[in-house]
Amino acid sequence: MFEEYCGAINIKYQIEIDKTIEWSKVESGTKIHLYRILQECLQNIYKYSKATLVKLSIKGVVDRIVVDIDDNGLGFDTTKAKEGIGLKNMSSRVKAMDGEIQIYSSKEKGTHINISIPN
């Protein structure tokens, strides 16, 4: 999905997925939440950031799955931005997985989203 979407909107991408993660042991609900979160991230990048590059990293760290999404887009002031329905949906999905989400962004420097969930 990530590769197809980036290709469709003409954004370069880099993907790094930890091969030690045993996806067959990850609950299907967790996989669905992650899929929907990535969809929302890509939609936001397309609609707002004007990024030319997006990077996705998924790593297994001890007993957690850590997802990092970076773009080189316009960024935004996280103290002034209203949390739209997309960001709220992402936060609620992460919370449903007993995880944590952090969003770092600044104008003209892109956005970094870090998600950590139990594995």
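Everything numeric in this text was worked out from a predicted model, so none of it was measured. (Residues numbered from 1 in each chain as written. Predicted model: local features only at pLDDT ≥ 70, side-chain atom pairs only at ≥ 80, totals over all residues. Heavy atoms only, no water.)

With respect to the side chain of Asn114
Reasoning step 1: One can find Asn114 in strand β5 (residues 111-118).
Reasoning step 2: A distance of 2.8 Å separates polar atoms of two side chains, one belonging to Asn114 and the other to Asp68. (Helix = DSSP H or I, 4+ residues; strand = E, 2+ residues; numbered from the N terminus. Polar contact = N/O pair within 3.5 Å; in protein donor to acceptor, adjacent residues only side chain to side chain.)

Here we look at the environment of Lys107
Reasoning step 1: Mapped onto the elements of the fold, Lys107 is located in the loop between β4 (100-105) and β5.
Reasoning step 2: Considering only alpha carbons, one finds Lys107 and Tyr13, 94 residues apart in sequence, at a separation of 21 Å.
Reasoning step 3: Every residue in contact with Lys107, bar those within four places of it in the chain, is listed here: Leu74, Gly75, Phe76 and Asp77. (Contact = heavy atoms within 4.5 Å.)

Quick notes on the pairing of strand β3 (residues 64-71)
Reasoning step 1: Burial analysis of β3 places 6 of its 8 residues in the buried class, which makes it a mostly covered element.
Reasoning step 2: Relative to β3, strand β2 (residues 53-61) runs antiparallel, the two being bridged by 8 bridges. Bridging across to β3, Val54 finds its partner in Asp71.
Reasoning step 3: Here β2 folds back onto β3, and the loop between the two strands holds 2 residues, one of which, Val62, carries a positive phi near 55°. (Buried < 20%, exposed > 50% of the residue type's maximum accessible area, 1.4 Å probe, protein only. Pairing = 2+ DSSP bridges.)

Observations concerning unusual backbone geometry
Across the chain, the bulk of peptide bonds are trans and the bulk of non-glycine residues have phi less than zero.
Reasoning step 1: Positive phi values are uncommon outside glycine, yet Val62 reaches one of about 55°.
Reasoning step 2: With a relative accessible area of 82%, Val62 lands in the exposed category.
Reasoning step 3: We note that Glu108 has phi near 70°; this positive angle belongs to a residue other than glycine.
Reasoning step 4: Counting through the fold element by element, Glu108 comes out in the loop between β4 and β5.
Reasoning step 5: Classification of Glu108 as exposed rests on a relative accessible area of 63%.

Points about the nonpolar core
Reasoning step 1: Counting 26 residues, the largest nonpolar core has Ile37, Val54, Leu56, Ile65, Val67, Ile69 and Ile115 as its most contacted members.
Reasoning step 2: For this core, the secondary structure elements donating two or more residues are α1 (2-8), α2 (28-49), β2, β3, α3 (85-96) and β5.
Reasoning step 3: The element that contributes the greatest number of residues to this core is α2, accounting for 6 residues.
Reasoning step 4: Ile69 has contacts with Leu38, Cys41, Ile45, Val54, Lys55, Leu56, Thr111, His112 and Ile113, leaving out every residue within four places of it along the chain. (Core = buried A, V, L, I, M, F, W, Y, C linked by side-chain atoms within 4.5 Å.)

Notes on the layout of surface pockets
Reasoning step 1: Of the voids in this model, the largest pocket is the one considered here, and its volume is about 460 Å³.
Reasoning step 2: Lining the largest pocket are 24 residues, with Asn44, Ile45, Tyr48, Phe76 and Leu87 sitting closest to its centre.
Reasoning step 3: Of all elements in the fold, only α2, β3, α3 and β5 reach the threshold of two or more residues within the lining of the largest pocket.
Reasoning step 4: Each pocket or cavity is described by its volume, and for the second largest pocket that value is around 260 Å³.
Reasoning step 5: Lining the second largest pocket are 15 residues; nearest its centre among them are Ile17, Leu34, Tyr35, Leu38 and Ile58.
Reasoning step 6: Secondary-structure elements contributing two or more residues to the lining of the second largest pocket are α1, β1 (12-17), α2 and β2.
Reasoning step 7: Looking at which element gives the most residues to the lining of the second largest pocket, the answer is α2, with 5 residues.
Reasoning step 8: Of the residues that constitute the lining of the second largest pocket, the class distribution is 13 nonpolar, no polar and 2 charged. (1 Å grid on protein atoms, 1.4 Å probe; cavity = no way out; pocket = protein on both sides within 12 Å on 5 of 7 lines; lining within 4 Å. Points joined across faces, edges and corners; volume = space filled by probe spheres on them. Nonpolar A, V, L, I, M, F, W, Y, C, P; charged D, E, K, R; others polar.)

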